[in-house]
Amino acid sequence: MSSLVHSKNKGKGRQKSGIDYMNDEFDWMAGLKGRMKAVFGIDNFRLCQQGVCNANMDARDIVCVMPTGGGKSLTYQLPALLTPGCTLVISPLISLMTDQILHLQEAGVEAVKLTGSTSLAEKKEVQARLKLQAERRLGPEDREIKLCYVTPEKLAKDNSFLSLLQKLDSAGKFARIVIDEAHCVSHLGHDFRPDYQKLHRLRQLFPNVPVMALSATCPPAVLQDIIKTLGLRAVVDGNNAAAEGTVYFSSPLYRKNLHYKVLPKPAKAEDTYKTMAKYILEHHPNDSGIVYCFTKKDTETVAEKLRECSQNQIRTGVYHAGVADGSKENLHKAWRQGTVKVVCATIAFGMGIDKGDVRFVLHHSKSLEGYYQESGRAGRDGRPADCILYYRPQDLSTIGAITASEKDGQSKLHAMLEFAEDLKECRKIQFAKYFSHSTETSISSWATEDEGALDNCAHCDNCTRSPESFDCKDVTLAAWQILKITAEVQRTRGKLTLSMLASLAKSAKGGTYDVGKGKKKEKADLDLNVVCGGPVELSKDDIEHLLVRLLIKQYLQEEYQQTAYQGILYLVPGPFSPQLIHKSRESLLDGRRKLEFLFNRPFRKAKANSKTEKAGSSKDPNQATIPAKRKAPPRTKRSKANDLLFEDEEDEEGILIVPDSDDESGSWLTNRSEPSRRAGKSNSHRIPVEEMNDDDSDEVSYEWSHNLRDDPPAKRRRSDRNKGIPRTNIFHEGDNEVLVLSSD
Ligand SMILES: Nc1ncnc2c1ncn2[C@@H]1O[C@H](COP(=O)(O)OP(=O)(O)OP(=O)(O)O)[C@@H](O)[C@H]1O
């Protein structure tokens, strides 16, 4: 063990079978709690913090997995104050360190950082202080450096710094090595960093200095990789730990105070800015928040537009990798002081950003991983916060083109679309299912002390959605028509984007579309009466949502084409298309087999209202987003068996019948016409699909009230025997039900 004098095994936490580090009877507990209150202003430990602090005080090697914003920092910062010597914290991002150090210095803790961009003078000063510490030559006025933050790159390259650490170790002044974001060690993790792999040297150089690895995401394979790379011993349970081994702690991944919602994204960018500004002014006029954007340019545009749309009431700032370091630090300060309220940022802003009172995070995400991760920046003080995902079906085309070349980009986008299209299943359960599948993290990680992983959260948009706000529609015929159209377009070597396909399917008789490429491009006619017996009798919004659902269910699939200027995503018949398309129109109508999805129920607004829309109109889907009261309705414990064992029914002829329980679609876009009005407009002539315009005199919108709703009647579905579609199984892991998603 470390040459430091630790209170090892002095406490009363040692049980017969092992040490229960969650116990509060350790000798150091009063000291920990006193400093926690005095320095950090925190009264009580949360999640597994107490156990981790105890194991830390006991000089154990530790792996701690806690959700983003859970409070990992306290688990090493607090013990560092009560342990002689300096704790080394390896952290991947300079913004992360800057933020942490600002906090610590404000609290009167001696914390420093050494990175590639540290000035020579500062570096010399820090090293001189550490040297004095190592040589035990600190004067009565000198204060020990308690926490020294470094980047892995710095550690890998700077041998003189390593030698200084060795001196500290020899003097018993090297308290601990903390590796933050430890999943970066593993090439199996989503954020592998080569310099993290070099950290294996630390155990060789400092065999007696305890190591602590922290992460918010650590599936079993990544955990094994971390243990191996860092040279740690096998893990032992923090509640019942053997005297040897790496003490392992984990906390539920679900944070109750985060309210997840998917909101409709208007078709036009200008309208999206207005929608966001309105949302902020109505629900969070004085709160801090983050708007995550895709590109650096977007961050600047959004920041400017939010200011503009709110007549400068929303004070915005910009953060992305291209912002100069000095400006970043200024932004951090302004944000923390509240002179900037809303940061418009790329994902570069986030890791380690520790501002407790972020009350909302707005996303336009391309993956559930991103949405979940970035949502973690909200509500770190434990108070309620909103995590909004803006979505519209056309995101498939725009985001799909961006992610087409990314590893797993398509499957991640599909998962995100499925999440966004879902009007019924609790968001927490959706996350739990998705992450247990995609990261092989046990689904029990989503259980809290009082709630099972598969219990409804009772406060997300789907849990609070009014049953009057959506309809279940039989779209068997519409789906058949769409597939007929795509088959015909494919036969003639044409291509249609989601928007073009929706317009074409909706046009009264048909339209034209492009066939061929470049100079050989020509127009082809498509007569809907001939191809599929007429136009699809759904609104264009509903058709767009239906297209996404058909894509998710593999009746359609994407075809990506890269031009000199841009990537374009087309929709073409998918692997399951033949199952539906070979039916005759008449046989679809016999009612025996149905394809049903949920759609948001539209309501009609008078045009005058839409133009002079007043803040607070309860009918506006973008306004009634927050339940009037945060009070969660009595938790409805769904029957897990009923909840989870939905399986796609497959009739004897092989058509998938999708029950409404989890295959729903919603139509959220505003400013669109209804079928009847649209039909009246374009009967007489054919127009190219790109030119079709669905503007109409009345505005159709959708109710967006999130009232308490009854649980949907559970339906059972048989297994989808088609390749690639996950199946669900449940078994028990301890007291928890474990859901396993597998593909045939
Ligand atoms: N026991 C507690 N009670 C109340 N607030 C706490 C507690 N522990 C930590 N916090 C606060 O929670 C916030 C998040 O803590 P922290 O930055 O350590 O999260 P984290 O787990 O490191 O998240 P990330 O993975 O994003 O870095 C901080 O503002 C911190 O002060």
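Shown above is the structure to which this text applies.
What you are looking at is a predicted structure, and each value in this text was computed from that prediction instead of being measured.

In the contact formed by helix 2 (residues 49–57) and helix 3 (residues 74–82), the axes pass within 9 Å of each other and the chain directions differ by 40°. Taken together, the axes of helix 2 and helix 3 lie oblique to each other. Two packed elements cross with a definite hand, and for helix 2 against helix 3 that hand is right-handed. The residues of helix 3 that touch helix 2, namely those facing Gln-49, Val-52, Cys-53, Asn-56 and Met-57, are Leu-74, Thr-75, Tyr-76, Leu-78, Pro-79 and Leu-82. Residues that form the contact of helix 2 with helix 3 fall into these classes: eight nonpolar, three polar and no charged.

Taking burial as the measure, the five residues of strand 2 (residues 86–90) include five buried ones, the bulk of the element. Here strand 2 shows a buried face lined by Cys-86, Leu-88 and Ile-90 and a second buried face lined by Thr-87 and Val-89. Alignment of strand 2 against strand 5 (residues 174–179), held across five bridges, turns out to be parallel. Looking at the pairing, Cys-86 lines up with Phe-174 of strand 5. As defined by bridge partners, strand 2 adjoins strand 4 (residues 147–150) across four bridges and the pair is classed as parallel. Of the residues in strand 4, the one forming a bridge with Val-89 is Tyr-149.

Next up on the list: the environment of Gly-567. Here Gly-567 lies in strand 19 (residues 567–573). Separated by 170 residues in the primary sequence, Gly-567 and Ser-397 have C-alpha atoms spaced 9.2 Å apart. Apart from residues no more than four positions distant in its own chain, Gly-567 is found in contact with Ala-401, Ala-404, Tyr-560 and Gln-562.

Once that is clear, we can look at the nonpolar core. Membership of the largest hydrophobic core comes to 107 residues, with the highest contact counts inside it found for Val-343, Ala-479, Leu-501 and Leu-547. Here this core gets seven residues from one element, more than from any other, and that element is helix 19 (residues 476–491). When sequence neighbours within four positions are dropped, the list of residues in contact with Leu-547 reads Pro-393, Ile-482, Leu-498, Leu-501, Ala-502, Leu-556 and Leu-571. Counting residues in hydrophobic clusters, the runner-up holds 72 residues, among them Cys-53, Ile-145, Leu-147 and Leu-202.

Here we take up the sheet that holds strand 9 (residues 258–264). Taken together, the six strands give an open sheet; going across it, the order is 9-14-13-10-12-11, and neighbouring strands pair in parallel fashion. Every other strand in the sheet has two partners, leaving strand 9 and strand 11 (316–319) as the edge strands with one partner each. When strand polarity is set aside, the average angle formed by the axes of neighbouring strands in this sheet is 20°. In this structure, strand 13 (residues 358–363) lies alongside strand 14 (residues 385–391), joined through four bridges in parallel fashion. By the bridge assignment for strand 14, Phe-360 is matched with Asp-386. Sitting on the sheet, helix 13 (residues 325–337) is in contact with strand 10 (288–292), strand 11 and strand 12 (342–345), with an inclination near 145° to strand 11.

In the vicinity of the ligand lie 21 residues, with Gly-71, Lys-72, Ser-73, Gly-356 and Arg-380 positioned nearest. Its residues placed into classes, the shell around the ligand shows five nonpolar, 11 polar and five charged. Lining the shell around the ligand are residues from two domains, each supplying at least three of them: domain 1 (2–6 + 48–250) and domain 2 (258–421 + 425–464).

Backbone geometry places Ala-59, a non-glycine residue, at a positive phi of 60°. With respect to the secondary-structure elements, Ala-59 resides in the loop between helix 2 and strand 1 (62–65). Its identity is not glycine, yet Arg-493 carries a phi of approximately 65°, on the positive side. Its location among the elements puts Arg-493 in the loop between helix 19 and helix 20 (498–506). On the basis of neighbour count, Arg-493 is assigned to the exposed category, with 11 C-beta atoms found within 10 Å.

Each pair of packed helices gets described by two things: the angle between the helix axes and the distance between those axes. Look at helix 15 (residues 395–403) against helix 16 (residues 409–421): their axes get within 9 Å of each other, and the N-to-C directions meet at 155°. Viewed along their axes, helix 15 and helix 16 adopt a mutual orientation that is roughly antiparallel. As for how helix 15 packs across helix 16, the hand of that crossing is right-handed. Together, Leu-396, Ile-399, Gly-400 and Thr-403 of helix 15 and Gly-409, Gln-410, Lys-412, Leu-413 and Leu-417 of helix 16 make up the contact between the two elements.

Let's shift gears to the sheet that holds strand 5. Two orientations exist for strands paired in a sheet by backbone hydrogen bonds: parallel and antiparallel. Strand order in the open sheet made by the eight strands is 3-4-2-5-6-1-8-7, with parallel pairing throughout. Either end of the sheet is taken by a strand with one partner, and the two such strands are strand 3 (111–114) and strand 7 (235–237). Sheet twist, expressed as the average angle between the axes of neighbouring strands with direction ignored, equals 25°. Along the sheet, helix 2 contacts strand 1, strand 6 (211–215) and strand 8 (246–250); its crossing angle with strand 1, the most-contacted strand, is approximately 165°. Of the strands in this sheet, strand 1, strand 6, strand 7 and strand 8 are in contact with helix 10 (residues 220–230), which crosses strand 6 at around 155°.

Cut-offs applied
- Residues numbered from 1 in each chain as written.
- Predicted model: local features only at pLDDT ≥ 70, side-chain atom pairs only at ≥ 80, totals over all residues.
- Axes fitted to C-alpha atoms, helices over the stretch in contact; angles between N-to-C directions.
- Helix = DSSP H or I, 4+ residues; strand = E, 2+ residues; numbered from the N terminus.
- Parallel < 35°, antiparallel > 145°, perpendicular 65-115°, else oblique.
- Left-handed = near helix turned anticlockwise from the far one by under 90°.
- Contact = placed C-beta atoms within 7 Å.
- Nonpolar A, V, L, I, M, F, W, Y, C, P; charged D, E, K, R; others polar.
- Buried ≥ 20, exposed ≤ 12 C-beta atoms within 10 Å, placed from the backbone.
- Pairing = 2+ DSSP bridges.
- Core = buried A, V, L, I, M, F, W, Y, C linked by C-beta atoms within 7 Å.
- Near = placed C-beta within 6 Å.
- Domains from an automatic or database assignment.

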